[in-house]
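Each chain, written out:
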Amino acid sequence: MDIVIYHNPACGTSRNTLALIRNTGAEPQVIEYLQHPPSREVLAGLVARAGLTVREAIRQKDTPYLELGLDDPAIGDAALLDAMLAHPILINRPFVATPLGVRLCRPSEVVLGILPLPQLAPFAKEDGQRVVPHD
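The sections below set out a description of the structure shown in this document.

Thresholds applied
Residues numbered from 1 in each chain as written. Predicted model: local features only at pLDDT ≥ 70, side-chain atom pairs only at ≥ 80, totals over all residues. Heavy atoms only, no water. Core = buried A, V, L, I, M, F, W, Y, C linked by side-chain atoms within 4.5 Å. Buried < 20%, exposed > 50% of the residue type's maximum accessible area, 1.4 Å probe, protein only. Helix = DSSP H or I, 4+ residues; strand = E, 2+ residues; numbered from the N terminus. Contact = heavy atoms within 4.5 Å. Pairing = 2+ DSSP bridges. Axes fitted to C-alpha atoms, helices over the stretch in contact; angles between N-to-C directions. Polar contact = N/O pair within 3.5 Å; in protein donor to acceptor, adjacent residues only side chain to side chain. Arc of directions from axis to C-beta.

**What about the nonpolar core?**
Thought 1: One finds Tyr 6, Ile 58, Leu 70, Met 84, Leu 90 and Phe 95 to be the most contacted residues of the largest nonpolar core, which totals 23 residues.
Thought 2: Looking at this core, the elements that each hand over two or more residues are β1 (4–7), α2 (40–49), α3 (77–86), β3 (95–98) and β4 (101–104).
Thought 3: Among the elements that line this core, the one with the most residues is α3, at 4 residues.
Thought 4: Ignoring any residue separated from it by four or fewer positions in sequence, one finds Met 84 in contact with Leu 43, Val 54, Ala 57, Ile 58, Leu 90 and Ile 91.
Thought 5: Leu 20, Ile 21, Val 111 and Val 132 belong to the second-largest nonpolar core, a separate cluster that totals 14 residues.

**Some thoughts on the sheet that holds β3**
Thought 1: Taken in spatial order, the 4 strands line up as β2-β1-β3-β4 in an open sheet, and their pairing is mixed. Each edge of the open sheet carries a strand with a single partner, namely β2 (29–32) and β4. Between one strand and the next, the sheet's axes are offset by a mean angle of 15°, whatever the strand orientation.
Thought 2: Bridging between β1 and β3 involves 3 bridges; their strand directions are antiparallel.

**Quick notes on unusual backbone geometry**
Thought 1: Cis rather than trans, the peptide bond between Arg 93 and Pro 94 has omega equal to -5°.
Thought 2: The residue Pro 94 is located in the loop between α3 and β3 in this model.
Thought 3: A cis geometry characterises the amide bond from Arg 106 onward to Pro 107, with omega recorded as 5°.

**Some details on the side chain of Asn 23**
Thought 1: In this fold, Asn 23 is placed in the loop between α1 (12–22) and β2.
Thought 2: Overall, the relative accessible area of 13% leaves Asn 23 in the buried class.
Thought 3: In terms of polar contacts, Asn 23 uses its side chain to reach the side chain of Gln 119, at 2.6 Å.
Thought 4: Beyond its immediate stretch of four places on either side in the chain, Asn 23 contacts Pro 118, Gln 119, Leu 120, Ala 121, Pro 122 and Phe 123.

**Some details on α1**
Thought 1: Of all the residues in α1, the buried ones are Ser 14, Asn 16, Thr 17, Leu 18, Leu 20 and Ile 21.
Thought 2: Those residues of α1 that are buried lie in contact with β1, β2, β3, β5 (123–124) and β6 (130–132).

**Considerations on α2**
Structurally, the α-helix is built with 3.6 residues per turn, so residues lying three or four positions apart point the same way.
Thought 1: Buried within α2 we find Leu 43, Leu 46 and Val 47. Burial along α2 is one-sided: seen end-on, the buried residues are contained in an arc of 95°. Opposite the buried face of α2, at more than 90 degrees from it, the exposed residues are Glu 41, Ala 48 and Arg 49.
Thought 2: The inward-facing, buried residues of α2 abut β1, α3, β3 and β4.
Thought 3: One or two residues past the end of α2 sits Gly 51, with phi positive at roughly 75°.

Have a look at this one:
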């Protein structure tokens, strides 16, 4: 089964999403996108398949977003993609691709809508919030 997560291990949402995927018994392909950013074509495809605009897929918090002037609404998709590829921290995370679709999994439980297999056990996020209850 092909499940790919564009993961940042320093991000709690990304860690929770990865744990939810693994809670189905599946082992996804984990791409640490800060070290191995996707190609322009892959990134544009992920954004489109997730039903987002490029601007919706860009991360603002704790990034050079403002310093690069990316808040200017006149900046088009091509320039935003260029910035995301030059500074992968600008790619919002985690993107997950499965046979059922692509989602930007914020919050992490968004991934549940595209996982082909059910959750195998109760699950709580790192902060204790229950996502998959006990039976």
